[in-house]
Amino acid sequence: MSDYHHGLRPESRIVHPPVEEVTGSRPLGVPLHQGHIFAFPDSDALADAFAGPEGAFHYSRFGNPTVRSLERAVADLEGGSGALAASSGMGVISTVLLALLRSGAHVIAQRSLYGGTFATFSDLADRWGVDVTLVGGDDPEEVRAALRPTTRLLYLETVSNPTARIADLPALIGVARAAGVLSVVDNTFPTPLLCRPIEHGADIVIHSATKYLGGHSDVMAGLAVFADAELHHRVWHHAVEQGATLDPFAAWLTLRGMQTLGLRIRRHNETALDLAGRLAAHPAVAAVHHPGLPGHPDHELARRLLPDGQGGVFAVDLAGGREAARTFVGAVRLASLAPSLGGVHTLVLHPASTSHRQLSDEELTAAGIGPGTVRIAAGIEHPEDIRADLEQALAGL
Ligand SMILES: Cc1ncc(COP(=O)(O)O)c(C=O)c1O
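Residues numbered from 1 in each chain as written. Predicted model: local features only at pLDDT ≥ 70, side-chain atom pairs only at ≥ 80, totals over all residues. Heavy atoms only, no water.

The topology assignment puts Glu 384 in helix 16 (residues 383–395). Remark: the alpha-carbon pair of Glu 384 and Gly 214, spanning 170 residues in sequence, is separated by 25 Å. (Helix = DSSP H or I, 4+ residues; strand = E, 2+ residues; numbered from the N terminus.)

Quick look at the structure:
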């Protein structure tokens, strides 16, 4: 402390405690910088800090060291030039859409998108005059036919919820790229350990880090990774005004969770594939939707796009229909009936009455969801305990 500080009264000194700097060694864990203001020696240095995402830290809505560590870690995993973190997956999705679209713009979006994303597009269409054409995830000709001079974005999800359909990223993105249209891919389900959309031409990759990246159901966060620095800067300038900023503690929790991503993903993959194979032979199960199984319509594509594993989420159609599905999700004991996925806990869900309840019967059928469909998100508990739990719940049907 300087002589000046020593000369201050106690009430003033306690507002300015010593801030320790680490010198001579380095912290192995990422430090949590919860404070959101940073002081500068002079006005010019502070003015420079406002310039872009790489500027000096000054106010955490513009950038924070802990949040920046997370952004750099995820950009590195996805092979992007930079990333932008936000307070949830929906926070980052709306930030990106509001930054890149304007009234009169046209978007081509996959039909089977996450409900919140779908609702955002509907809202943009109703209230902002953004025109949206819905397409499947497998036919590049459908994307080509949908293109217009006003088309600004192609919006896809690598793996759809809950039936794990795989989007043909290289084929669909190739059409958009040739027409000068940006591609945005939500890669929440596979994570960059199983698929890196930028390698297939995507311009922006989205994550709900609330799911596998965080991995412990204790943090909400979203990230957008940019292939190109200019696009990153463009969206960042909007993001700092929109303010869906990620809290540093949430970034810290996400980083901490991500350190075990490799171990967790391997376990999620193995358990889900094993369970899917076993449940396919169960008399109470009419069909299983797992892209790692030969009967899945995207099995071949999955082997190409996700060769190291197809993820921890799959769906089963129960032979007893809606009643059987509702009885089953109420009868599990180790697994929990809960929304979300991608954490350490095994979760089950009846999409027709919960996550997809707004869809009509025709829309449910188009999304491959029947009245007896149950989504299973495999956790990291012992696979035999999960299997025994699901089987005891099936036995009661
Ligand atoms: C594929 C996908 N994208 C985005 C989101 C939204 O993420 P969040 O709940 O973190 O806002 C979800 C949430 O379930 C999701 O499944």
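As a structural note, the neighbourhood of the ligand is formed by Ser 88, Gly 89, Met 90, Ile 93, Tyr 114, Asp 186, Thr 188, Phe 189, Ser 208, Thr 210, Lys 211 and Met 220. A distance of 2.8 Å separates an oxygen atom of the ligand from a polar side-chain atom of Ser 208. In terms of residue count, the dominant contributor to the shell around the ligand is helix 5 (residues 89–100) (3 residues). Grouping the constituent residues of the shell around the ligand by class yields 5 nonpolar, 5 polar and 2 charged. (Near = heavy atom within 4 Å. Polar contact = N/O pair within 3.5 Å; in protein donor to acceptor, adjacent residues only side chain to side chain. Nonpolar A, V, L, I, M, F, W, Y, C, P; charged D, E, K, R; others polar.)

In total, this model carries 5 aromatic pairs according to the counting rule given. A centroid spacing of 5.3 Å and a plane angle of 75 degrees characterise the contact between Phe 50 and Phe 62, whose relative ring orientation is edge-to-face. You can see Phe 50 sitting in the loop between helix 3 (43–49) and helix 4 (65–78) and its partner Phe 62 sitting in the loop between helix 3 and helix 4, a full 12 residues away along the chain. Of the aromatic side chains, those joined through ring pairs into one cluster are Phe 50, Phe 62 and Trp 236. (Phe/Tyr/Trp six-rings, centres within 6.5 Å; stacked < 30°, edge-to-face > 60°.)

Glancing now at the nonpolar core. Residues Leu 70, Leu 169, Leu 223, Leu 246 and Leu 306 are the most contacted members of the largest nonpolar core, which totals 53 residues. When sequence neighbours within four positions are dropped, the list of residues in contact with Leu 223 reads Leu 70, Glu 71, Val 74, Ala 83, Leu 84, Ala 85, Val 92, Val 205, Ile 206, His 207, Ala 209 and Leu 213. (Core = buried A, V, L, I, M, F, W, Y, C linked by side-chain atoms within 4.5 Å. Buried < 20%, exposed > 50% of the residue type's maximum accessible area, 1.4 Å probe, protein only. Contact = heavy atoms within 4.5 Å.)

The strand order 1-7-6-5-4-2-3 describes an open sheet built from 7 strands, whose pairing is mixed. At either end of the open sheet lies a strand with only one pairing partner, and these are strand 1 (82–86) and strand 3 (131–135). The average angle at which neighbouring strand axes cross in this sheet is 20 degrees, direction not considered. Looking at chain direction, strand 5 (residues 182–186) and strand 6 (residues 204–208) are connected through 3 bridges and run parallel. Bridge pairing in strand 6 links Val 185 to Val 205. Sheet strands touched by helix 10 (residues 229–242): strand 1, strand 5, strand 6 and strand 7 (222–226). Its angle to strand 1, the strand with the most contacts, is close to 20 degrees. (Pairing = 2+ DSSP bridges. Axes fitted to C-alpha atoms, helices over the stretch in contact; angles between N-to-C directions.)

Read across the sheet, 5 strands follow the order 8-9-12-11-10 without closing on themselves; strand pairing throughout is mixed. Both edges of this open sheet fall to strand 8 (285–289) and strand 10 (336–337), since each of them pairs with a single strand only. For strand 9 (residues 313–318) and strand 12 (residues 373–377), the ladder comprises 5 bridges, and the chain directions are antiparallel. Pairing of Val 313 across the sheet is with Ala 377, part of strand 12.

In terms of burial, strand 7 is a largely internal element, 5 of the 5 residues being buried. Side chains Gly 222, Ala 224 and Phe 226 project from strand 7 onto one buried face, and the interleaved Leu 223 and Val 225 project onto a second face that is buried too. For strand 6 and strand 7, the ladder comprises 5 bridges, and the chain directions are antiparallel. Within strand 7, the position partnered with Ser 208 by the bridge is Gly 222.

Moving on to the pattern of salt bridges. Scanning the model with the defined rule gives 13 salt bridges in all. In this structure, Arg 196 engages Glu 199 in a salt bridge whose closest nitrogen and oxygen atoms are separated by 2.9 Å. A residue is classified by how much of its surface remains accessible, and Glu 199, at 56% relative accessible area, is exposed. Across the salt bridge formed by Glu 391 and Arg 387, the nearest N and O atoms sit 2.9 Å from each other. A residue pair is termed a helical-turn pair when its members lie 3 or 4 positions apart in one helix, as Glu 391 and Arg 387 do in helix 16 at 4 residues. Glu 391 sits in the partly exposed class, given a relative accessible area of 30%. (Salt bridge = Lys/Arg side-chain N within 4 Å of Asp/Glu carboxyl O.)

Turning our eyes to something else, we now look at the environment of Leu 293. In this fold, Leu 293 is placed in the loop between strand 8 and helix 13 (299–305). Sequence separation of Leu 293 and Arg 13 is 280 residues, and the distance between their C-alpha atoms is 66 Å. Apart from residues no more than four positions distant in its own chain, Leu 293 is found in contact with Leu 273, Ala 276, Gly 277, Val 288 and His 299.

Before going further, it helps to examine the packing of helix 5 against helix 10. Between helix 5 and helix 10, the least distance of the axes is 9 Å, while the angle of their chain directions is 110 degrees. When the interaxial angle is binned, helix 5 and helix 10 end up roughly perpendicular. When you trace helix 5 past helix 10, the crossing you get is right-handed. Two secondary-structure elements touch here, helix 5 through Ser 94, Thr 95, Val 96, Leu 98, Ala 99 and Leu 100 and helix 10 through Leu 231, Arg 234, Val 235, His 238, Ala 239 and Gln 242. Its residues assigned to classes, the contact of helix 5 with helix 10 shows 7 nonpolar, 4 polar and 1 charged. (Parallel < 35°, antiparallel > 145°, perpendicular 65-115°, else oblique. Left-handed = near helix turned anticlockwise from the far one by under 90°.)

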